[in-house]
Amino acid sequence: MVNLYKNKFYAVFGNPINHSKSPDIHNFFYKLYSLDYKYIKICASKNFFLKDILSFFNKGGKGANITLPFKEKIFSLCNEITKRAQISGSINTLKKFDNGNILGDNTDGIGFLSDLLFHNIVKKKFNLLIIGAGGAAKGVIYPLLQFGCNIFLTNRTFERAKILSNKFKNFGNIESITLRNLSNMRFNLIINATSSGISNEVPLIPCNIINKKTICYDMFYGDKNTVFMNFCKSYGAKKIYSGIGMLIHQAAHSFFLWNNIFPDIKKTVNFLSKK
Ligand code: NDP
């Protein structure tokens, strides 16, 4: 058992959690700014995760990231919830204040937008296609609409895309569209927000929507190009990105919430690429 009283402690909770790169990223941030903090990963119990998280805070934990499958289930733990977490319906960051109160925030959406801006691949009025209607899609829609993008949302189970686009229609231009009706449409940026990459699959989008000008982004990431990135490349896309930058940026926004320092992204990308 780690001694939680010695340093300031942060953690990521999930189940499973072994694959998580968050400790690498956050411990790099702490080293970069010479902070005597430590960030660990904790596999929370599927039934008693609230107890596990509370116990971490009671033992001196200062902040936590939350990942699958708990992001939508920890609202009751928080005394305060940010607007962006409320609107997205999920929490990926917790901060404990000195008075004991816990704040719930969501940095996934702003992290994604920050990564698009970092690569200079998004502009106001851009037409975006988001494929997927799960938690990841839900987390990024609000900041993209606030930024001024027009969103087309599609999903294998169309009904879920329809429900999600209705939920966000008061925040900007968003409409749902079936996979079949995408044929011959043009988008500035296509975002794969499905988990198809996990099973080495590609969502069934018509290939004629991709050309050399289409920017393609897969939220999934791995050690090499994902199948979706290779698929887009094979239909001519020149600018293709994986979700590792989103992961780094959401971590950076969590770090900022905890320490009021926005970490150096280029140094972090460089560090991770050498690991
Ligand atoms: P969810 O389980 O909440 O949603 C999964 C979505 O993927 C659904 O829309 C589902 O469609 C769709 N889907 C699954 N398999 C296929 C397939 N074979 N073909 C087409 N569609 C499919 O997952 P999340 O939204 O949480 O995660 C989605 C992806 O985003 C994952 O790859 C995850 O790793 C990544 N992610 C990356 C982050 C980052 O920081 N880079 C952060 C968060 C997520 P249906 O509704 O029909 O079942």
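Residues numbered from 1 in each chain as written. Predicted model: local features only at pLDDT ≥ 70, side-chain atom pairs only at ≥ 80, totals over all residues. Heavy atoms only, no water.

**As for the packing of helix H1 (residues 22-32) against helix H8 (residues 244-259)**
Interhelical geometry of H1 versus H8 gives an angle of 50° and a closest axis separation of 10 Å. Classified by the angle their axes make, H1 and H8 are oblique. The two elements H1 and H8 meet at a crossing, and its hand is right-handed. The residues of H8 that touch H1, namely those facing Ser22, Ile25, His26, Phe29 and Tyr30, are Leu247, Ile248, Gln250, Ala251, Ala252, Ser254, Phe255, Trp258 and Asn259. A per-class count over the contact of H1 with H8 returns nine nonpolar, five polar and no charged. (Axes fitted to C-alpha atoms, helices over the stretch in contact; angles between N-to-C directions. Helix = DSSP H or I, 4+ residues; strand = E, 2+ residues; numbered from the N terminus. Parallel < 35°, antiparallel > 145°, perpendicular 65-115°, else oblique. Left-handed = near helix turned anticlockwise from the far one by under 90°. Contact = heavy atoms within 4.5 Å. Nonpolar A, V, L, I, M, F, W, Y, C, P; charged D, E, K, R; others polar.)

**Quick notes on the domain arrangement of the chain**
One frequent convention defines the size of an interface as the accessible area lost when the parts assemble. In terms of domain boundaries, the chain breaks down into domain 1 (8-106) and domain 2 (109-245). Here the C-alpha centroids of domain 1 and domain 2 sit 27 Å apart. On the side of domain 2, 12 residues touch domain 1, which itself brings seven residues to the contact. Carbon and sulfur atoms supply 56% of the area that domain 1 and domain 2 bury against each other, a total of about 810 Å² over both sides. (Domains from an automatic or database assignment. Buried area = accessible area lost by both parts, 1.4 Å probe.)

**Observations concerning the side chain of Thr154**
Here Thr154 lies in strand S8 (residues 150-154). A polar side-chain atom of Thr154 sits 3.4 Å from the main-chain amide nitrogen of Leu179. Among all residues touching Thr154, those that are not within four sequence positions of it are Leu129, Ile130, Ile131, Gly132, Ala161, Ile177, Thr178, Leu179 and Leu182. (Polar contact = N/O pair within 3.5 Å; in protein donor to acceptor, adjacent residues only side chain to side chain.)

**Here we look at the site of the ligand**
Residues in close proximity to the ligand total 20 residues, the closest being Ala136, Asn155, Thr157, Arg160 and Gly243. With respect to the ligand, the backbone of Ala133 contributes an N or O atom lying 2.9 Å from an oxygen atom. At 3.0 Å, a backbone N or O of Met219 approaches a nitrogen atom of the ligand. Its free accessible area being 940 Å², the ligand has 80% of it covered by the protein chains. When residues of the shell around the ligand are traced back to their parent elements, those giving at least two are helix H5 (135-147) and H8. (Near = heavy atom within 4 Å. Areas by Shrake-Rupley, 256 points an atom, 1.4 Å probe, with all protein chains shown as cover.)

**A look at the pairing of strand S12 (residues 239-242)**
Where strand S11 (residues 215-218) meets S12, four bridges bridge the pair, whose relative direction is parallel. The residue of S12 that forms the bridge with Asp218 is Ser242. On the question of chirality, the crossover connecting S11 to the parallel S12 by way of helix H7 (residues 227-234) is right-handed. (Pairing = 2+ DSSP bridges. Right-handed = clockwise from strand over helix to strand, strands pointing away.)

**A short note on the packing of aromatic side chains**
Enumeration over the complete set of coordinates arrives at 20 aromatic pairs. In this arrangement the basic side chain of Lys51 is found over the ring face of Phe48, its NZ or CZ atom lying 5.8 Å from the centre. Here the guanidinium or amino end of Lys124 rests over the ring plane of Phe147, the centre of that ring lying 4.4 Å away. (Phe/Tyr/Trp six-rings, centres within 6.5 Å; stacked < 30°, edge-to-face > 60°. Lys NZ or Arg CZ within 6 Å of the ring centre and 35° of its normal.)

**Things to note about the nonpolar core**
Grouped together as the largest cluster of nonpolar side chains are 32 residues, with contacts concentrated most on Phe112, Ile130, Ile141, Leu144, Ile191 and Tyr217. Secondary-structure elements contributing two or more residues to this core are helix H4 (108-118), strand S7 (127-131), H5, S8, helix H6 (158-168), strand S10 (189-192) and S11. Top contributing element to this core by residue count: H5, with seven residues. Dropping the residues within four chain positions of it, Phe112 is found in contact with Val140, Leu144, Ile191, Tyr217, Met219 and Met246. Counting residues in each nonpolar core, the second largest holds 19 residues, with Ala11, Phe56, Ala64 and Cys78 among its members. (Core = buried A, V, L, I, M, F, W, Y, C linked by side-chain atoms within 4.5 Å. Buried < 20%, exposed > 50% of the residue type's maximum accessible area, 1.4 Å probe, protein only.)

**So, H8**
Here H8 is 16 residues long and its end C-alpha atoms lie 22 Å apart, about the 22 Å a rise of 1.5 Å per residue gives. The buried fraction of H8 amounts to 14 of the 16 residues, a majority that puts the element mostly inside the structure. (Expected span 1.5 Å × (residues − 1).)

**Some details on helix H2 (residues 49-58)**
Within the sequence span of H2, burial applies to Phe49, Ile53, Phe56 and Phe57. In an axial view of H2, the angular spread of the buried residues amounts to 95°, which keeps them on one side of the axis. Seen from the buried face of H2, the exposed residues on the opposite side, beyond 90 degrees, are Lys51 and Asn58. Looking at the buried residues of H2, the elements they touch are strand S1 (8-14), strand S2 (37-43), strand S3 (61-66), strand S5 (93-96) and strand S6 (102-105). Once H2 finishes, Gly60 follows within two positions and takes phi at roughly 115°, a positive value. (Arc of directions from axis to C-beta.)

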